[in-house]
Amino acid sequence: MRITLHGAAGEVTGSAYLVETEQARILVDFGMFQGGARLEARNVRPAGLSPKRLDAVLVTHAHLDHVGRLPLLLKGGYPGAIHATDATRDLAGLILRDSAKVQSYDVARQNRKRERAGKPPVKPLYDAGEVEETLERFREVEFGRVFSPARGVTARYAIAGHMLGSASIQLSVQEGGKTKTVVFSGDLGPAHLAIVRDAVPFEHADLVFLESTYGDRDNKPLPETLAEFRAIIQEAVRRRSRILVPAFAVGRTQQLLYHLDELFCAGKVKRFPVFLDSPMAIEATRIYRRHPDLFDAEARAMERARAADRRPRHVQPTPTAEDSMKLNDVPGPCLIMAGSGMCNAGRILHHLKHGLWQSDTVVMIVGYQSEGTLGRRLVDGDKSVRIFGERVAVKAGIHTLNGFSAHAGQTALLAWFGHLAPSRPRWC
Ligand SMILES: [Zn+2]
C-alpha cells in the first residue's frame, strides 16, 4: 500500500490523500487550497493523480477545503462514485454551488481587466453544471456501517463532531493475506460543540492521518465563551442596541442560533428579533434542520421545544436584497447575522457602513479573521475603516469571541488518538 498526500501537508487546506493498494486506487477528500493567490494556484489536478484510474472517492465532510476540487475529478474522467454521509452531500451541494458562483464572478472581473491589457481570458476551475454532475455521483454512507468501496478494501465512517455529517474514515486493506488498517481523522470537533454529537473514536489503526488546525494549543473553553456571549447580549438588550454578527454561513451560524435559543429558553434574555440575512446561511440552516437524526440529545430536545412553542419564531430569514435593506430601519434590540464572516464581502458590509459609526451598535466577531480583512481591522481596534470607498468612524462596541471553534484543540485531539491501538500489539 502506498499513500500520497496531495494537500493539507504543512498547511491546513487542500486535504487530499491518494491510497494505492495492490487492487485499487482510492482518494480520500479532494479539497480546495484557500488563503491567497499563491496557495490557490495549486487548485489543479496534481500530477500522479489520474482520475480515470481511480476506483473510489471517499469524503470526510463538506467544507470547501475537503470537497472543493471534486468537480476536477469528473472533468478529468473519473468514472466512479463519491461516498459521503447524506448530510455531507447536502452541505457539499450548497458549498460547491456557492464556490462555482464566486469563481464565475471572480473570473468575469479578471477577464474584463485581462481584455483591457490584451491578455487571453482565464476560465473558472469549474462551473455550475459541473457541480451538479459531481453531486449526482454522491452515494450515501451510514455512520458505523462497513462497506466495500473498491476491491480488497472495506471502509467505515465514524462521527467526527466537527459539522453536520462530518466523519472520520477507517479503511481496512487486504494485501498479501494481511489486513492493514488506516484511519483518516478528517477535521475533528471539540467536545460539546453545539448541535452535533461528539466525535466517536476508532479503536484500531496501523496508520493514522490526524488533521489538526490547533494541534499546538487548546481553545478557550466553551463555557467561558458562552458566559461572555450572554453578558454581551444582556448588555445590548439593556441598551436596546442593534447587534451585528458577521456570519460564517455553514456551522457557526447554526451554532450561534442554538446558543441564542438556549438563552431565550432558559429565560436569561427576553426574546428579540434575530435576522438571518444571508441566503447561504438560510439554506444551511434548512439543511441542518432536515437532519435531526444527527443532532445530540440537547439539540433534539431543543427541536421538540421549538415545535411545541406556539409563539411566532424570533428568527426571521431575509433572503432578498430588498428585505436586507429594510433592516436599516429596525430598532434595537435586534441581532443581524450577515455574510461574510471576515467582512470582506457580502451584506454585512452594508450593515457595518450603516452602524459602525453609531455608539449603540454592537459588533460580535465569532470566528477567525485573516490578515488584511476588514474583520481583522475591527478586531485590531482601528478607529476608522474604509467601506465601499468611504471612511467610516468606528464608534460601535467591538467584541471578539474566540471560543466557538469547531476544531478540536490539542487535549481533545490527543484524547481521540489515545483510543487507537494497532491491529496487533507492537510487542508481538
Ligand atoms: Zn472542516
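All chains use their own residue numbering, which begins from 1 and follows the written sequence. For a predicted model such as this one, the threshold for reporting local features is a pLDDT of at least 70, and the threshold for listing and counting side-chain atom pairs is 80 or more; totals across whole chains, interfaces and linings nevertheless cover every residue.

Caption draft 1: Expanded view of the overall build of the protein. Put simply, DSSP H or I for four residues or longer makes a helix, DSSP E for two residues or longer makes a strand, and each gets a number counted from the N terminus. Counting its regular elements, the protein contains 13 helices and 19 strands. Throughout, radius of gyration means the C-alpha value; the globule benchmark is 2.2 Å times the number of residues raised to the power 0.38. Here the protein has a C-alpha radius of gyration of 23 Å; the compact-globule value for 428 residues is 22 Å, and the two agree. Burial statistics for the protein: of 428 residues in total, 41% are counted as buried. It is the C-beta atoms, placed from the backbone, that decide contacts: two residues are in contact if theirs lie within 7 Å. Partitioning the contacts of the protein with sequence separation of at least 6, the portion at a separation of at least 24 is 74%. Using C-beta atoms placed from the backbone, we call a residue buried if 20 or more other C-beta atoms fall within 10 Å of its own, exposed if 12 or fewer do, and partly exposed for counts in between.

Caption draft 2: Expanded view of the domain arrangement of the protein. Note that domain bounds follow an automatic or database assignment of domains. Here the protein is partitioned into domain 1 (2-216 + 408-418) and domain 2 (222-400). Between the C-alpha centres of domain 1 and domain 2 there is a distance of 29 Å. Contacts between the two partners involve 15 residues from domain 1 and, on the opposite side, 19 residues from domain 2. Polar here means any residue outside two lists: the nonpolar Ala, Val, Leu, Ile, Met, Phe, Trp, Tyr, Cys and Pro, and the charged Asp, Glu, Lys and Arg; Gly therefore counts as polar. A per-class count over the side of domain 1 that touches domain 2 returns nine nonpolar, three polar and three charged.

Caption draft 3: Just the packing of helix H4 (residues 86-116) against helix H8 (residues 279-289), in detail. Under this scheme, a helix contributes an axis fitted over its contacting stretch, all axes are lines through C-alpha atoms, and angles between N-to-C directions fall in the 0 to 180 degree range. Contact geometry of H4 with H8 gives a least axis separation of 9 Å together with a crossing angle of 165°. Viewed along their axes, H4 and H8 adopt a mutual orientation that is roughly antiparallel. Between H4 and H8 lies a crossing of right-handed hand. Together, Asp90, Leu91, Leu94 and Asp98 of H4 and Met280, Glu283, Ala284 and Ile287 of H8 make up the contact between the two elements. Grouping the constituent residues of the contact of H4 with H8 by class yields five nonpolar, no polar and three charged. In these notes the angle categories are as follows: under 35 degrees is roughly parallel, over 145 is roughly antiparallel, 65 to 115 is roughly perpendicular, and the rest is oblique. Crossings are classed by handedness, with left-handed meaning an anticlockwise turn of the near helix from the far one by less than a right angle and right-handed meaning a clockwise turn.

Caption draft 4: Broad picture of the pairing of strand E8 (residues 153-159). Within E8, five of the seven residues are buried, which leaves the element mostly enclosed by the surrounding structure. Strands are treated as partners if at least two bridges between them are detected by DSSP. With two bridges joining them, strand E7 (residues 147-150) and E8 adopt antiparallel strand pairing. Within the sheet, the bridge partner assigned to Ala150 lies in E8 and is Val153. Where E7 folds back onto E8 in an antiparallel hairpin, the turn is made up of two residues, including Gly152, whose phi is positive at roughly 80°. Bridging between E8 and strand E9 (residues 167-175) involves seven bridges; their strand directions are antiparallel. By the bridge assignment, Val153 is partnered in E9 with Val173.

Caption draft 5: Just the sheet that holds strand E15 (residues 334-338), in detail. Strand order in the open sheet formed by six strands is E14-E13-E15-E12-E16-E19, with parallel pairing between adjacent strands. Pairing within the sheet leaves two strands with one partner each, and these edge strands are strand E14 (315-317) and strand E19 (397-400). Taken over all neighbouring pairs, the strand axes of this sheet differ in orientation by 20° on average, direction set aside. Packing of helix H11 (residues 348-355) onto the sheet brings it into contact with strand E12 (242-246), E15 and strand E16 (361-365), and relative to E12 it is tilted by some 145°.

Caption draft 6: Structural view of the sheet that holds strand E2 (residues 16-20). Reading across from one edge, E1-E2-E3-E4-E5-E6 is the order of the six strands in this open sheet, with mixed pairing throughout. The open sheet is flanked by strand E1 (2-5) and strand E6 (138-140), the only strands paired with a single partner. Adjacent strand axes in the sheet meet at a mean angle of 25°, parallel and antiparallel pairs treated alike.

Caption draft 7: A look at the nonpolar core. Put simply, a nonpolar core is buried Ala, Val, Leu, Ile, Met, Phe, Trp, Tyr and Cys residues tied into one set by C-beta atoms within 7 Å. Val57, Val245, Ile336 and Met337 are the most contacted members of the largest nonpolar core, which has 102 residues in total. Residue assignment places this core across two domains, with domain 1 (2-216 + 408-418) and domain 2 (222-400) each supplying three or more.

Caption draft 8: Quick peek at the environment of Arg53. The residue Arg53 is located in the loop between helix H1 (37-40) and strand E4 (56-58) in this model. Judged by C-beta crowding, with 12 C-beta atoms within 10 Å, Arg53 ranks as exposed. For the pair Arg53 and Leu96, spaced 43 residues apart in sequence, the C-alpha to C-alpha distance is 24 Å.

Caption draft 9: Region of the structure containing unusual backbone geometry. In this model, Gly332 is joined to Pro333 through a cis peptide bond whose omega is 0°. Considering the arrangement of structural elements, one finds Pro333 in the loop between helix H10 (321-326) and E15. A cis amide bond links Gly339 with the next residue in sequence, Ser340, at an omega value of 5°. Mapped onto the secondary structure, Ser340 falls in the loop between E15 and H11. Residue His192 is not a glycine yet carries a positive backbone phi of 65°. By secondary structure assignment, the location of His192 is in the loop between strand E10 (178-184) and strand E11 (207-209). The phi torsion at Phe388 lies on the positive side, around 50°, for a residue other than glycine.

Caption draft 10: Main features of helix H7 (residues 252-265). To estimate the expected span of a helix, count its residues, drop one, and scale the result by 1.5 Å. With 14 residues, H7 extends 20 Å from end C-alpha to end C-alpha; this agrees with the ideal 20 Å at 1.5 Å per step. Considered for burial, the residues of H7 that qualify are Arg252, Thr253, Gln254, Gln255, Leu256, Leu257, His259, Leu260 and Asp261. Of the residues trailing H7, Gly267 is marked for its positive phi of about 70°.

Caption draft 11: The packing of H4 against helix H5 (residues 128-136), seen in detail. The contact between H4 and H5 brings their axes to 9 Å, and the two run at 165°. Between H4 and H5, the angle falls in the class roughly antiparallel. In this structure, H4 crosses over H5, and the sense of that crossing is right-handed. Two secondary-structure elements touch here, H4 through Arg89, Gly93, Leu96, Arg97 and Ala100 and H5 through Ala128, Val131, Thr134 and Leu135. Residue composition of the contact of H4 with H5, grouped by class: five nonpolar, two polar and two charged.

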